[in-house]
Structure formats: structure tokens, C-alpha cells
Amino acid sequence: QAFSLFVQAKEGPAAARCPAGGEAVRWRCCRLAFAELSGIHRHVALQHAGDIGQQAGLTAKQAAAEVSPSSGPAPAGNAEGLNGPSRSSPDISDTLPDTSHLSYDDLTSKVGEVLLYYCYCEVKDPEKLCAWQKALCQHLHLTGKVRVASEGINGTVGGSKVATNLYIEVMLSQPLFKDILCQEDFKSSAGGAHCFPDLRVGVFKEIVPMGIDPKIVSYKETGIHLSPQEFHREVEQYLSQASQGQSDTILLDCRNFYESKIGHFQGCLAPDIRKFSYFPSYVDENLELFKNKRVLMYCTGGIRCERGSAYLRSKAVCREVYQLKGGIHKYLEEFPDGFYRGKLFVFDDRYAICSNEDIISACRYCGTLWDQYKLCSSQHCRQLVLTCPSCRKKGLTACCPVCQEKELKVTSRASGQTLKEECECTRRRPRVPIEHVSQRMLDAGK
């Protein structure tokens, strides 16, 4: 009854419901207009549970269970989280934060940030965690990508500062992540919901796609974690020894070639691979390179090193395997002018964020210093390309001459899915490069 009365109060005058030349608008709430009953019901359920609870003399939690349009009343029993001991599973609405005290503008401000995080833990019901994550992000008007698996969760989401702060608060209070996930596990950078085209939340076999069954190579067998300060000292020592030809260490970049191309640690070995799923094959083909070596690994936020170091350790060829905790993100917070030079590639519409003024990459066509990626102009390729404003004005907007000179034909599967055709860039690059690394190459950085 409280829900019905609240919706009724948001109904506009009949004369104003169908303005000339426009669509019918029957309800208005939070500066939004609704023509369908389902639309206003969903909005009220997600945004005004607390208000309705006060009207009905209920607690906010009870109200959330009663007003949810997608579920019935919460079952009786003590629910301690998605995977905690409980006699009944809590409804998703029970785990959504109360935002009734916040305005629509608070939650949708374009001045915000992008969060990057992951948490390895045992998830007994990935589908339920996925549904909760989707509802939570929609509730807070967040966009981005979240991968859920039986081995944990990996996400990067963008929204207003108010929304991202509330997201972190809710994640830390979720019993599933209690005593595992902490505040410092969330890496942040300036941005917002506009940094992603939409919200994508799904269940996968791995929370980072390495292509190896988590039961075969587990995150539990990871390398030794080094704090940014410890990693900085290790890199300093490595560079000093390498300059004297005495280093027994490899500084390994676990990212893809287009990431390391615009930014990397000095003196690193950066594999020329297109996907992280090629990393295991890269290790297999270059085992001799790692024999009896100390390996210092790093990636964007730390998650690829978790599985990558575990795979490298499983080969039993390295003397020691270390990894940068929190990845480049956390390192740059501590050492913005340290041993990492250039931009940090990110998987959203920004493509890169910076902490120093160095530009270490060049325009694909004229060779001038340039590090701002754009998508290849060929609609059937869509690879990233570094082409400076001057060359773009000349029409040089593709990743290679093949894409520049002609439109590629679309190849389709029987299912109707469109395949990307290979162009000169991908055709001439070995899927898994075999390294012939001299000490001089390691000294200079690749």
C-alpha cells in the first residue's frame, strides 16, 4: 500500500501527460519522466525504498523486501551474505544500499572516478553474485565491466564520487569478501560513468582470461607479493646490476604489446603478445629464458600477475618469482616519477592515464612522439593505432596500409556473428614470439 501511494503521488496532471508532438508522460520523479508503469515501479523500488519504509513505519530493510518489483517478500531466517552460513538466501534488494538521502545529481555527476579491483575467493553461487553485482551497479548508476567466477570477482566501474564511495563501502561490508577485500585493493583514477559505453556483468570460468583452468593453475600458488616500495627497491637494484652486466633478474611485463608500447618500466622485458591468454604459451616457448632467474612481474592492477606468476612457478624453472602488489596503478600512486615511464593503458574509453610527462611511443606514420590511441578507421578491424593529429588530417587513420587502402569484407560464421579479418598488423606478428634476449636489450629496455 505504501508503494502504491508513493507512485500515485508522482503522477502528473492528466492535461500535461501528452504534450503536443511528444510521448505520453504520466509520472515524474527525480527529474525523470516515465510513460510506462513498469518504469516508475522499477525506479521507485531502486531509489526510494527508504522513503516508503518511513511512510509505512517499516525499517529500510523490510521496505526493500516489500517494494521490489522483481521479487516477493524476503524469506524468514538469518541471511549472512551470498555464501555465508544461512538458512535462506537473502534477496538482492536486501543487499542494496539505501540511497534515499542522495539526490539524482549526486549519483549521476559526471565528475567522478573509475575503480579497478579484484578479489580471489571461493564463490559457491557465481550466478547469484552476478545478479547482485548487476543490481548494485544499476542502483548506483555505475557503468563498466565486472567478471564473476567461482574463483572470485574482477571489476572496473565508473561513476560519480558519491556512487563509487558507496560501492566500495557496500563491497567491503559484503560477508563474502569480509577479511579478504580491503580499502587499498580499490585502485582509482579520475573519470566517471562516461568512460564506459555501458554496464556488462557476467559469469565466466576465470576472472582474468588466461585460458588455463583455475583448478589446474590456481591463484593460491602465486608468486611473492612486493609492495610498491619493495618493488621500487628491487627495480633500482636490478637496473644498477644490469648496467654492470651482473644481473640475474628479469623484469617482466605481463601485459599486451599495445599496453607496454605506450608505457613500461625501464629495462623491462615486454612480450609482443596480443592477449593475456597467449602468456602461458609465451612462457612455454621461452622456458630457457627464465631458467634459474629471479623474475619481477608487473601488470596494470595486479590480477594478471596472480595467475601469471602461478603459471610460471608451475614450470619450476625460476629461482624466485615476485610480483608488484596493486600493479602499476598502486606504484604510480607512490612513485609518479619513478622507474615507470610513459602512460598507463586502461581498458575503457580513456585508453590511457598519465603520471609523468614522458612520451615513449611514436606515430605509426610519421614517427613523431605520440601516445594517444584511436581505433583503426576500418570498421572490420578496430585495432588500436597511434596516429598523430597531423597524419589524421591527411586521412591516415588506419592501423596499417592494408586497412588504409581498402575496406575489408565481412566474414560471417554460420551463426551470423561477424569475424574480424586479419590485416597486415596481425598477420605479420607471431602469435607467440620466441625471445632472443641479449644483456644489452635488457639494459636498454625493449
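Rules used throughout
Residues numbered from 1 in each chain as written. Predicted model: local features only at pLDDT ≥ 70, side-chain atom pairs only at ≥ 80, totals over all residues. Heavy atoms only, no water. Phe/Tyr/Trp six-rings, centres within 6.5 Å; stacked < 30°, edge-to-face > 60°. Helix = DSSP H or I, 4+ residues; strand = E, 2+ residues; numbered from the N terminus. Buried < 20%, exposed > 50% of the residue type's maximum accessible area, 1.4 Å probe, protein only. Disulfide = S-S within 2.5 Å. Pairing = 2+ DSSP bridges. Axes fitted to C-alpha atoms, helices over the stretch in contact; angles between N-to-C directions. Contact = heavy atoms within 4.5 Å.

With an unreviewed UniProt entry as reference, the protein chain is termed Thiosulfate sulfurtransferase/rhodanese-like domain-containing protein 2, source organism Oceanodroma tethys.

A.B. asks: How should I be thinking about the packing of aromatic side chains in this particular structure?
C.D. replies: Here the distance between the centres and the angle between the planes together describe a pair of aromatic rings. Enumeration over the complete set of coordinates arrives at 16 aromatic pairs. Considering the side-chain rings of phenylalanine 279 and tyrosine 282, the 6.5 Å spacing of their centres and the 25° angle between planes classify their relative orientation as stacked. Linking phenylalanine 279 with tyrosine 282, this pair stays in helix 10 (residues 279-285), spanning 3 residues, or about one helical turn. Here phenylalanine 279 falls in the buried class, since its relative accessible area comes to 0%. Taking the relative accessible area as the measure of exposure, tyrosine 282 reaches 0% and is therefore buried.

A.B. asks: Before we go on, may I ask you to explain the state of the cysteines in this structure?
C.D. replies: Cysteine pairs can be linked by a disulfide, which is a covalent bond between their two sulfur atoms. Scanning the entire structure with this criterion turns up 0 disulfides. You can see cysteine 363 has no disulfide; the closest cysteine sulfur is in cysteine 391, sitting 3.7 Å from it.

A.B. asks: Got a minute to help me understand the sheet that holds strand 9 (residues 249-253) in this structure?
C.D. replies: Two strands in a sheet stick together by hydrogen bonds in their backbones, pointing the same way (parallel) or opposite ways (antiparallel). Overall, parallel pairing links the 4 strands, which are arranged 8-12-11-9 in an open sheet. The open sheet has two edge strands with one neighbour each: strand 8 (224-226) and strand 9. This sheet shows a mean twist of 25° between the axes of neighbouring strands, independent of strand direction. Two elements, strand 11 (residues 294-298) and strand 12 (residues 320-324), share 4 bridges in a ladder whose sense is parallel. Bridging across to strand 12, valine 295 finds its partner in valine 321. Helix-sheet contacts for helix 8 (residues 228-243) involve strand 8, strand 9, strand 11 and strand 12, and the interaxial angle to strand 11 is about 130°.

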